[in-house]
Amino acid sequence: MRLGVLDIGSNTVHLLLVDAHPGARPVPFASHKRPLSLVQFLESDGSINDAGQHELVEFILEAREFAARHKADDLLAFCTSALREATNGPAVLARVKQETTVTLRELTGSEEASMTFFAVRRWYGWGAGAILNLDIGGGSFEMAYGEDELPELATSVPLGASRLTRDWLAEDPPSARSVKELRRYIRATLKPVARDFEKLGKANHVAGTSKTFRSLARIAGAAPSGAGPYVKRELFAADVGLWAQRISAMEVEDRLHLPGVSEARAAQLLAGALVAEAALELFEFTSIEICPWALREGLILRRLDQLVFEGPLEPVLHVVQGPPAETPAPEAQPPDAQPPVAATMDAG
């Protein structure tokens, strides 16, 4: 069967299609994505402006058509901190549903951290022991710890790389004072969270599951993505500190010459490095291993587990059909038109 995950993040909007069945490893089939930083469309009151909403709707229509063209059997559609924290988030979600028929499931920070942890556990297996997972997104920073498939503690703080860049690092390159103040803010935010995790015990394995960690590891000498997902990639705290210092003196244009750094991520690379540096220091780890599976894979795996008990899927309306010529009335949608993401989160 072919499953799709539509991920509306703070930095990118991404549809991933995988071929899988219960008990099997999901194999990527195709993807469709666009760099869309919803954080950049925020007004002073914290709302997403009309231009940002239009870009979002246009992409979701593209994603819906892409999923239908490639015969997806199911579509999990979700959004994270960019919409979760927007003051007009509910109105934006309603507009998306009205204009595309796609219902976006709004994940809480702890749900996001839990499902990412779930993917990490499946990747490393029980032999990894207690795992601490760290994920630096565009709008938030998720952390989760546990010895089982779902974490004992999962939390989120507003330390996303895009958010911090917008709020603290306006200059290019940033001033030494702004970098110092941001470092102080990150540590002040993380210290009480680190103490909560410390009460649970020391993890046997610490993993990183975000583009920020992958980029930093690549800059520090880790294998490129072309080497495949099974190559071990590790990021050392000493390298993070060194590169945070170097990047702070670079203009955004110069960062583009670093390996593994895209145009969409170059501006926020420093903020991400400062978060990674503080996290490894406060959690007292000298290195972190980059895990190729993250939130999207966690939701797919959870959905596949659900199918073991529920049986075959019924076709999902907004995948099977093309985009609506006109906006359908809400009552015209059958009960199964909503993607089954909510069911996947019950245990998260």
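Calculation criteria
- Residues numbered from 1 in each chain as written.
- Predicted model: local features only at pLDDT ≥ 70, side-chain atom pairs only at ≥ 80, totals over all residues.
- Heavy atoms only, no water.
- Axes fitted to C-alpha atoms, helices over the stretch in contact; angles between N-to-C directions.
- Helix = DSSP H or I, 4+ residues; strand = E, 2+ residues; numbered from the N terminus.
- Parallel < 35°, antiparallel > 145°, perpendicular 65-115°, else oblique.
- Left-handed = near helix turned anticlockwise from the far one by under 90°.
- Contact = heavy atoms within 4.5 Å.
- Nonpolar A, V, L, I, M, F, W, Y, C, P; charged D, E, K, R; others polar.
- 1 Å grid on protein atoms, 1.4 Å probe; cavity = no way out; pocket = protein on both sides within 12 Å on 5 of 7 lines; lining within 4 Å.
- Points joined across faces, edges and corners; volume = space filled by probe spheres on them.
- Buried < 20%, exposed > 50% of the residue type's maximum accessible area, 1.4 Å probe, protein only.
- Polar contact = N/O pair within 3.5 Å; in protein donor to acceptor, adjacent residues only side chain to side chain.
- Pairing = 2+ DSSP bridges.

Trainee: It is not clear to me how the packing of helix α8 (residues 237-248) against helix α11 (residues 269-282) should be interpreted in this structure. Could you clarify?
Mentor: Packed helices, taken two at a time, are described by the angle their axes make and the gap between the axes. Orientation of α8 relative to α11, taken along the N-to-C sense of each, is 150°, at an axis distance of 9 Å. Of the possible angle classes, the one that applies to α8 and α11 is roughly antiparallel. The hand of the α8/α11 crossing is left-handed. Contact residues: Ala 237, Val 240, Gly 241, Ala 244, Ile 247 and Ser 248 in α8; Leu 269, Leu 270, Ala 273, Leu 274, Ala 276, Glu 277 and Leu 280 in α11. Residue composition of the contact of α8 with α11, by class: ten nonpolar, two polar and one charged.

Trainee: Got a minute to help me understand the layout of surface pockets in this structure?
Mentor: It is a probe the size of a water molecule, rolled over the atoms, that shows where empty space is left. By volume, the second largest pocket is sized at about 240 Å³. What lines the second largest pocket is a set of 14 residues, among which Ala 194, Glu 198, Lys 202, Leu 282 and Phe 283 lie closest to the centre.

Trainee: Any chance you could explain empty space enclosed by the protein here in plain terms?
Mentor: Evaluated as defined, the whole model comprises two cavities of 30 Å³ or more. Ala 161, Thr 212, Ser 215, Arg 265, Gln 268 and Leu 269 are the residues that line the largest cavity.

Trainee: Got a minute to help me understand the side chain of Thr 209 in this structure?
Mentor: Here Thr 209 is to be found in the loop between β9 (205-208) and α7 (211-219). Residue classification places Thr 209 among the buried positions, given a relative accessible area of 3%. In this structure the side chain of Thr 209 is engaged in a polar contact, spanning 3.1 Å, whose partner is the side chain of Asn 133. If we ignore the near neighbours within four places in the chain, the residues touching Thr 209 are Thr 116, Val 120, Asn 133, Leu 134, Asp 135, Cys 291, Trp 293 and Ala 294.

Trainee: Looking at this structure, how should I read the sheet that holds strand β10 (residues 234-236)?
Mentor: As a general point, the strands of a sheet are linked pairwise by backbone hydrogen bonds and lie either parallel or antiparallel. Spatial strand order, β8-β7-β6-β9-β11-β10: six strands in an open sheet with mixed pairing. Each end of this open sheet is capped by a strand with a single partner; those strands are β8 (153-157) and β10. The mean angle between the axes of side-by-side strands here comes to 25°, regardless of whether they run parallel or antiparallel. Relative to strand β11 (residues 287-290), β10 is paired through three bridges, and the arrangement is antiparallel. When the sheet's bridge partners are listed, Leu 235 is paired in β11 with Ile 288. Contacts from helix α4 (residues 109-124) reach β6 (131-136), β7 (141-146), β8, β9 and β11, with the element oriented near 55° to β7.

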